[in-house]
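Each chain, written out:
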Amino acid sequence: MSIKETLQKDLTEAIRGRNEITSGTIRMVLTAITNEEVAGKEARVLSDEEVITVLSREAKKRREAAEAFETAGRTDKAALEKSEGEVIAKYLPAQLSEADIAAIIAEAIASTGAQGPGDMGKVMGAVKPKIAGKADGGLVSALVKAALNK
């Protein structure tokens, strides 16, 4: 069963169970997936990897919104955004630890022959496919930058 089919099945269950946060979040995610499918010159069906990319983007939006609401003192809205992020996280692959990310970065630096900060693009290009949907891009970028500045 694809991730999109799982989302649709879980949406039906959430509606039947009258779970408003889960049903609303899944509806938003399915809308984002549909928008991605119809974007461009012709409609297409997204692969599971592409769906994970959309889910990651939506999860990032929720994290950033929760931070912004907390900064503004709106803890009620921040809690809602966090709970939506938790619903989305159920459909994402398990997140990598910093140690795992550092190992992937070290391997990428060795394989690309990167020497310093100027080679960050090469390293990120090698790392991105291996960590897609499994780690926050900002964290990966910071770790690559730190590794190249040694």
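That block above? That's the structure.
Residues numbered from 1 in each chain as written. Predicted model: local features only at pLDDT ≥ 70, side-chain atom pairs only at ≥ 80, totals over all residues. Heavy atoms only, no water.

J.: So, the overall build of the protein: which residues are in play, and what are the values?
T.: From N to C terminus, the protein includes seven helices and zero strands. Listing the helices and strands of the protein from first to last along the sequence gives α-α-α-α-α-α-α. Taking the principal axes of the C-alpha coordinates as reference, the protein spans close to 55 × 45 × 30 Å. Relative to its full complement of 150 residues, the protein shows a buried share of 35%. Split by element, the accessible area of the protein, about 9,100 Å² in all, is 54% carbon and sulfur. (Helix = DSSP H or I, 4+ residues; strand = E, 2+ residues; numbered from the N terminus. Buried < 20%, exposed > 50% of the residue type's maximum accessible area, 1.4 Å probe, protein only. Areas by Shrake-Rupley, 256 points an atom, 1.4 Å probe, with all protein chains shown as cover.)

J.: An account of unusual backbone geometry is needed here, citing residue identities and associated values.
T.: At Arg 18, a position not held by glycine, the phi torsion is positive, near 55°. Positionally, Arg 18 belongs in the loop between helix H1 (3-16) and helix H2 (20-38).

J.: Account for the side chain of Ser 83, naming residues and giving values.
T.: Tracing the backbone through its elements, the reader meets Ser 83 in helix H4 (residues 75-89). Ser 83 sits in the buried class, given a relative accessible area of 19%.

J.: Could you give me a rundown of helix H7 (residues 137-148), with the residues and numbers involved?
T.: Helical periodicity: at 3.6 residues per turn, an α-helix aligns residues three or four positions apart in one direction. Its twelve residues place the ends of H7 16 Å apart at the C-alpha level, agreeing with the 16 Å of an ideal helix rising 1.5 Å per residue. Within the span of H7, buried status applies to Val 140, Leu 143, Val 144 and Leu 148. Around the axis of H7, the buried residues are gathered within 130° of arc, so they sit on the same side. Lining the buried residues of H7 we find helix H5 (98-112) and helix H6 (120-131). (Expected span 1.5 Å × (residues − 1). Arc of directions from axis to C-beta. Contact = heavy atoms within 4.5 Å.)

J.: Go over the nonpolar core, please, and point to the residues and values.
T.: Counting 18 residues, the largest nonpolar core has Leu 7, Ile 26, Ile 33 and Leu 55 as the members making the most contacts within it. Contributing elements (two or more residues each) for this core: H1, H2, helix H3 (48-71) and H4. If we ignore the near neighbours within four places in the chain, the residues touching Ile 33 are Lys 4, Leu 7, Leu 46, Val 51 and Val 54. Formed by 16 residues, the second largest nonpolar core is a distinct cluster that contains Ile 105, Ile 109, Ile 131 and Val 140. (Core = buried A, V, L, I, M, F, W, Y, C linked by side-chain atoms within 4.5 Å.)

J.: Which residues make up the packing of H2 against H4, and what are the values?
T.: Close contact between H2 and H4 brings their axes to 9 Å; oriented N to C, the two are set at 65°. Classified by the interaxial angle, the pair formed by H2 and H4 is roughly perpendicular. Considering the relative orientation of H2 and H4, their crossing is right-handed. Taking contact as the criterion, the partners of Ile 21, Thr 22, Thr 25, Ile 26, Met 28 and Val 29 in H2 are, on H4, Leu 80, Ser 83, Glu 84, Val 87 and Ile 88. Classifying every residue of the contact of H2 with H4 gives seven nonpolar, three polar and one charged. (Axes fitted to C-alpha atoms, helices over the stretch in contact; angles between N-to-C directions. Parallel < 35°, antiparallel > 145°, perpendicular 65-115°, else oblique. Left-handed = near helix turned anticlockwise from the far one by under 90°. Nonpolar A, V, L, I, M, F, W, Y, C, P; charged D, E, K, R; others polar.)

J.: Report on H1, specifying residues and quantitative values.
T.: Helix length check: H1, at 14 residues, gives a terminal C-alpha distance of 20 Å against a target of 20 Å (1.5 Å per residue), a fit within 8%. Burial in H1 covers these residues: Ile 3, Lys 4, Leu 7, Asp 10, Leu 11 and Ala 14. Buried residues of H1, viewed axially, fall in a sector of 120°; they line one side. The elements touched by buried residues of H1 are H2 and H3. Just downstream of H1, Arg 18 is the residue with a positive phi angle, here 55°.

In short, geometric facts, not functional conclusions.
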